[in-house]
Amino acid sequence: MKYEETWNKVEEYITRKVIREPPYMKSALRRSVENGLPQISVPVAEGKLINIMAKAINAKRALEIGVLWGYGTMNIASAMGNDGIVTGLERSEKHAEIARQNIREAGLESRVDIRTGDAMESLIRMRDSREGLFDMIFIDADKAPYADYFRICLDLSHRGTIIFVDNMVWNGMVIESDSDDEDVKGIRRLYDELEKHDGIDATVIQSVGSKGYDGFAVIRVLRDTHK
Ligand code: SAH
Ligand code: DHB
Ligand code: MG
């Protein structure tokens, strides 16, 4: 498609002109490439939005579901003071270890707690042990259980919690109502959940660039949703 070249050039232009990132992001990205990790961290523009949003709401407690090499994690942690804490859930020991190295090198280790294992198991444990509620949540792990992640995240939210969800457009496949693909079906189940839920305010922004055609949801919890 002829627009793709323009999208990538514009992304490069935007990144160069307006997005300021700490230098450790570059070395962290390099480490992820050297270790053969999938290059599926959020687009830089989205990472920066998450960073700005965390600052804007003065987030003290944040949760990330799907850490990879820690790009999203560091974007949230660097927005906080030393009294902030980001809990990251990651299934892959290898990803978690590389993320921990990156976070240590960035000097953010006192604000980050990465827990390995299946995210849903960790989430159930967090809910049942009443560990506390989050000001900001970023859902970005496997897509099939997206609606389940969202529902349990509401149990971990309070009035005003901001929930970000990545990959809400999925190369446009999200409108394929007859899809057999588990990822597409999972993302669509989350749309159904958003449609019927009256306690939230939500939007989905489409995005294009080097990470392809995708998008993300920003959801604000209107009322206390925890039990
Ligand atoms: N949020 C990251 C990117 C996450 S990529 C960023 O933007 O920087 C998705 C991650 O989710 C991968 O690291 C993958 O290992 C992890 N993941 C996939 N399924 C998972 C599960 N069931 N529980 C926990 N982590 C999972
Ligand atoms: C892919 C992209 C993502 O942002 C993600 O969270 C998982 C997978 C992908 O392009 O395959
Ligand atoms: Mg993603």
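Residues numbered from 1 in each chain as written. Chains lettered and ligands numbered in written order. Predicted model: local features only at pLDDT ≥ 70, side-chain atom pairs only at ≥ 80, totals over all residues. Heavy atoms only, no water.

Draft legend 1. Main features of the site of ligand 1. Surveying the vicinity of ligand 1 reveals 21 residues, the closest of which are Glu64, Gly66, Glu90, His95 and Asp140. Between ligand 1 and Val42, the relevant distance is 2.9 Å, taken from an oxygen atom to a main-chain nitrogen or oxygen of the residue. Taking Glu64, its side chain carries an N or O atom lying 2.9 Å from a nitrogen atom of ligand 1. Protein coverage of the free-state accessible area of ligand 1, which is 580 Å², stands at 94%. (Near = heavy atom within 4 Å. Polar contact = N/O pair within 3.5 Å; in protein donor to acceptor, adjacent residues only side chain to side chain. Areas by Shrake-Rupley, 256 points an atom, 1.4 Å probe, with all protein chains shown as cover.)

Draft legend 2. Focus on the coordination of the magnesium ion (ligand 3). Donor atoms from the polypeptide that coordinate the magnesium ion (ligand 3) comprise Asp140 (OD), Asp166 (OD) and Asn167 (OD1), at 2.0 to 2.1 Å from the metal. Counting residues between consecutive donors of the magnesium ion (ligand 3) along the chain gives the motif D-x25-D-N. Linking Asp140 in the loop between strand E4 (134-139) and helix H7 (146-155) with Asp166 in strand E5 (residues 157-166), this pair joins segments that are 26 residues apart in sequence. Neither Asp140 nor Asp166 differs from the other in exposure class; each is buried. (Donors = N, O, S within 2.8 Å, 3.2 Å for Na, K, Ca; no water. Helix = DSSP H or I, 4+ residues; strand = E, 2+ residues; numbered from the N terminus. Buried < 20%, exposed > 50% of the residue type's maximum accessible area, 1.4 Å probe, protein only.)

Draft legend 3. Geometry of the layout of surface pockets. Within this model, the largest pocket holds a volume of roughly 690 Å³. Along the wall of the largest pocket there are 40 residues; nearest its centre are Ile40, Asp140, Ala141, Lys143 and Asn167. Of all the elements in the fold, those that place two or more residues in the lining of the largest pocket are strand E1 (61-65), helix H4 (71-77) and strand E2 (85-90). What the second largest pocket holds in volume is close to 400 Å³. If you go around the second largest pocket, you meet 18 residues; those closest to its centre are Thr15, Glu21, Leu29, Val44 and Tyr71. (1 Å grid on protein atoms, 1.4 Å probe; cavity = no way out; pocket = protein on both sides within 12 Å on 5 of 7 lines; lining within 4 Å. Points joined across faces, edges and corners; volume = space filled by probe spheres on them.)

Draft legend 4. Molecular detail of the environment of His197. Along the chain, His197 turns up in the loop between helix H8 (182-196) and strand E6 (200-207). Distance from His197 to Arg115, taken between C-alpha atoms, is 29 Å for residues 82 residues apart in sequence. Among residues more than four places away in sequence, those in contact with His197 are Phe150 and Leu154. A distance of 3.0 Å separates a polar atom in the side chain of His197 from the backbone nitrogen of Gly199. (Contact = heavy atoms within 4.5 Å.)

Draft legend 5. Structural view of the nonpolar core. Counting 33 residues, the largest nonpolar core has Trp69, Met74, Ile76 and Phe164 as the members making the most contacts within it. Counting only elements with at least two residues in this core, the list comes to helix H2 (24-34), helix H3 (44-56), H4, helix H5 (93-105), strand E3 (112-116), E4, E5 and strand E7 (214-221). Apart from the residues within four sequence positions on either side, Ile76 is in contact with Ile50, Ala54, Ala62, Val86 and Phe138. Val165, Ile187, Leu194 and Ile219 belong to the second largest nonpolar core, which has 29 residues in total. (Core = buried A, V, L, I, M, F, W, Y, C linked by side-chain atoms within 4.5 Å.)

Draft legend 6. Fine view of the pairing of E7. Burial runs high along E7: seven of the eight residues are buried. Alignment of E6 against E7, held across eight bridges, turns out to be antiparallel. Within E7, the position partnered with Val204 by the bridge is Ala217. Linking E6 to E7, which pair antiparallel, is a turn of six residues; within it Gly209 sits at a positive phi near 145°. (Pairing = 2+ DSSP bridges.)

Draft legend 7. The arrangement of the site of ligand 2 in detail. Near ligand 2 the following residues occur: Ile40, Asp140, Lys143, Asp166, Asn167 and Trp170. Taking Asp140, its side chain carries an N or O atom lying 2.8 Å from an oxygen atom of ligand 2. Contact distances for ligand 2 include 2.7 Å between an oxygen atom and a side-chain N or O atom of Asn167. Relative to its unbound accessible area of 290 Å², ligand 2 is 63% covered by the protein chains. Judged by the fraction of its atoms near the pocket grid, ligand 2 is located in the largest pocket. Each residue belonging to the shell around ligand 2 can be placed in one class, and the counts come to two nonpolar, one polar and three charged. (Sits in = over half its atoms within 2 Å of the grid points. Nonpolar A, V, L, I, M, F, W, Y, C, P; charged D, E, K, R; others polar.)

So yeah, pure geometry; function would need other evidence.
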